[in-house]
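# Summary of structural features
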Number of protein chains: 2
Amino acid sequence: MFTLFESASTGHWQADSIAVLRGPGIASCEALTIRQAPDMPPRGSPWPLVGVASHARYVERDERAALAAVQSPLGRPEATRAVLIPIQKSPEWWALAQDERRAIFEPRSRHISGSLPFLPAIARQLYHSRDLGEPFDFLTWFEFAPRDESLFDQLLASLRGTDEWTYVTREVELRFTRVNTKEHLS
Amino acid sequence: MFTLFESASTGHWQADSIAVLRGPGIASCEALTIRQAPDMPPRGSPWPLVGVASHARYVERDERAALAAVQSPLGRPEATRAVLIPIQKSPEWWALAQDERRAIFEPRSRHISGSLPFLPAIARQLYHSRDLGEPFDFLTWFEFAPRDESLFDQLLASLRGTDEWTYVTREVELRFTRVNTKEHLS
């Protein structure tokens, strides 16, 4: 099942800001709707972005237990803010062997252990896009309550300061506020 | 870029046999052509099978060097025999953490080190299909000279006897002979 991030003039999430952090930007987005689809949409337009919620590539058994103990699900009623961060990593990253990528990901960058304190407040889901021939390698979707926005900014700053992030060649940050309709809960 | 395994009445590779080893079979195939495409084909028919030649998920740095030292490329003129092995692994496999899958893959099953002696003769390419919503998780394509067919059978028997293979829930084996046209070299 593919997850489609669709952009239109109206949608479940109203766009508040789009920031281009590295590399080329992204076609404008007024509002976003996230939808599941059994097929890849036809190509040729910048939206939708498409990803797959696949199995974790680096998380080890003990880390998975630690994550499961603290992380929150998507769709909490109070989580009315969301951020979509599409990133692309360099050819150098993808040319590394599994143990080299893992060493950068956790022992050096503490991607998992450094994120743990934030996860009760900041819900998050990773979507893999690279094997789909998408413009980005990963799409990460975050949801949190408005009071936790500064906590989210801290999490982002911490990730962006890691060794892992030196391999990020393209990064865009789109912030949203949930539109108050019953529809978004369906 | 997607790799499409297309079945038709004629093609670059003539089907010699189809064996169903585990799980449901596969729609008949008389001849096969392998093609690159920038888009996923529309769904709804059993062929083509589609995969992506993605980065390696388990191979470590030293293993990669050992593989590079012995493995042969696809397309050798003498390699007129080919085998396509689509497999699917169980939900239990996909629910394992990375370190658990790696422990089964190499330390317990010697998937890499056990294959090394065969690789000068047996060229091989793995394609990932699971994230594409395909019926199989992996497609592996092997090419070898007719004189190396028994060596190939040994490699297969060795893989199928591993702990890793206890997680394989569906497996089909399609054997081919190359059709002698200039076309296949294009």
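Residues numbered from 1 in each chain as written. Chains lettered and ligands numbered in written order. Predicted model: local features only at pLDDT ≥ 70, side-chain atom pairs only at ≥ 80, totals over all residues. Heavy atoms only, no water.

With that settled, consider unusual backbone geometry. All names here are of chain A. The omega torsion across tryptophan 47 and proline 48 is 0°, close enough to zero to call that bond cis. Residue position: proline 48 is located in the loop between strand E3 (31–37) and strand E4 (49–51). In this structure, arginine 110 takes a positive phi of about 50° despite not being glycine. The topology assignment puts arginine 110 in the loop between helix H3 (98–108) and strand E6 (123–128). (Helix = DSSP H or I, 4+ residues; strand = E, 2+ residues; numbered from the N terminus.)

The next point concerns the relation of the copies chain A and chain B. Structural alignment of chain A on chain B gives an RMSD of 0.0 Å, achieved by rotating through 180° and translating 0.0 Å along the axis. Both copies are brought into coincidence by an operation consistent with a two-fold rotation axis. Taken together, the interface assignments show that 100% of the residues at the interface of chain A recur at the interface of chain B, consistent with an identical surface on both copies. (Least-squares fit on C-alpha atoms with pLDDT ≥ 70 in both. Contact = heavy atoms within 4.5 Å.)

Next up on the list: the pattern of salt bridges. All names here are of chain A. On inspection of all chains with the given rule, the structure shows 29 salt bridges over all chains. Lysine 89 is the salt-bridge partner of glutamate 164, the closest N and O atoms lying 2.6 Å from each other. Of this pair, glutamate 164 sits in the loop between helix H4 (149–160) and strand E8 (168–178) while lysine 89 sits in strand E5 (residues 81–89), and the two are 75 residues apart along the sequence. There is no split in this pair, since glutamate 164 and lysine 89 are both buried. Because the salt bridges share partners, they merge into one network encompassing Arg81, Glu149, Asp153, Arg160, Glu171, Glu173 and Arg175. (Salt bridge = Lys/Arg side-chain N within 4 Å of Asp/Glu carboxyl O. Buried < 20%, exposed > 50% of the residue type's maximum accessible area, 1.4 Å probe, protein only.)

This part is about empty space enclosed by the protein. Using the criterion set out here, one finds one cavity of 30 Å³ or more in the structure. A volume near 90 Å³ is recorded for the largest cavity. Looking at the largest cavity, the residues that line it are Arg57(A), Tyr58(A), Trp94(A), His128(A), Ser129(A), Arg130(A), Asp131(A), Asp137(A), Phe138(A), His55(B), Arg57(B) and Asp131(B). Here the lining of the largest cavity is composed, by residue class, of three nonpolar, three polar and six charged. (1 Å grid on protein atoms, 1.4 Å probe; cavity = no way out; pocket = protein on both sides within 12 Å on 5 of 7 lines; lining within 4 Å. Points joined across faces, edges and corners; volume = space filled by probe spheres on them. Nonpolar A, V, L, I, M, F, W, Y, C, P; charged D, E, K, R; others polar.)

Bringing the side chain of Glu134(A) into the picture now. All names here are of chain A. Structurally, glutamate 134 is set in the loop between E6 and strand E7 (138–144). Taking relative accessible area as the criterion, glutamate 134 reaches 11% and is therefore assigned buried. Apart from residues lying up to four places away in sequence, glutamate 134 is in contact with Met40, Arg43, Pro48, Leu49, Val50 and Ser129.

This part takes up the sheet that holds E8(A). Backbone hydrogen bonds hold the strands of a sheet together, and the pairing may be parallel or antiparallel. Residue and element names in this part refer to chain A. Ordered in space as E4-E1-E3-E2-E8-E5-E7-E6, the eight strands form an open sheet in which the pairing is antiparallel. One side of each edge strand has no neighbouring strand; the edge strands of this open sheet are E4 and E6. The average angle at which neighbouring strand axes cross in this sheet is 30°, direction not considered. Taken together, the eight bridges between strand E2 (residues 13–22) and E8 define a ladder with antiparallel strand orientation. Looking at the pairing, alanine 19 lines up with glutamate 173 of E8. Running over the sheet, H4 touches E2, E5, E7 and E8 and is turned about 175° from E8. (Pairing = 2+ DSSP bridges. Axes fitted to C-alpha atoms, helices over the stretch in contact; angles between N-to-C directions.)

Turning our eyes to something else, we now look at the environment of Thr3(B). Residues and elements named next belong to chain B. Within the element layout of this structure, threonine 3 appears in strand E1 (residues 2–8). When its relative accessible area of 2% is taken as the criterion, threonine 3 is described as buried. Leave out the neighbours within four places in its chain, and threonine 3 touches Ile34, Arg35, Gln36, Leu49, Val50, Gly51 and Tyr127. A distance of 3.2 Å separates polar atoms of two side chains, one belonging to threonine 3 and the other to glutamine 36. (Polar contact = N/O pair within 3.5 Å; in protein donor to acceptor, adjacent residues only side chain to side chain.)

The next subject is the sheet that holds strand E4 (residues 49–51) of chain B. All names here are of chain B. Pairing is antiparallel in the open sheet, where eight strands are placed in the order E4-E1-E3-E2-E8-E5-E7-E6. Edge positions in the sheet fall to E4 and strand E6 (123–128), since each has one partner strand and no second. Averaged over all adjacent pairs, the angle separating strand axes in this sheet is 30°, with direction ignored. In this sheet, strand E7 (residues 138–144) lies alongside strand E5 (residues 81–89) in antiparallel orientation, the contact comprising seven bridges.

Such coordinate-based values are descriptive only and should not be taken to indicate function.
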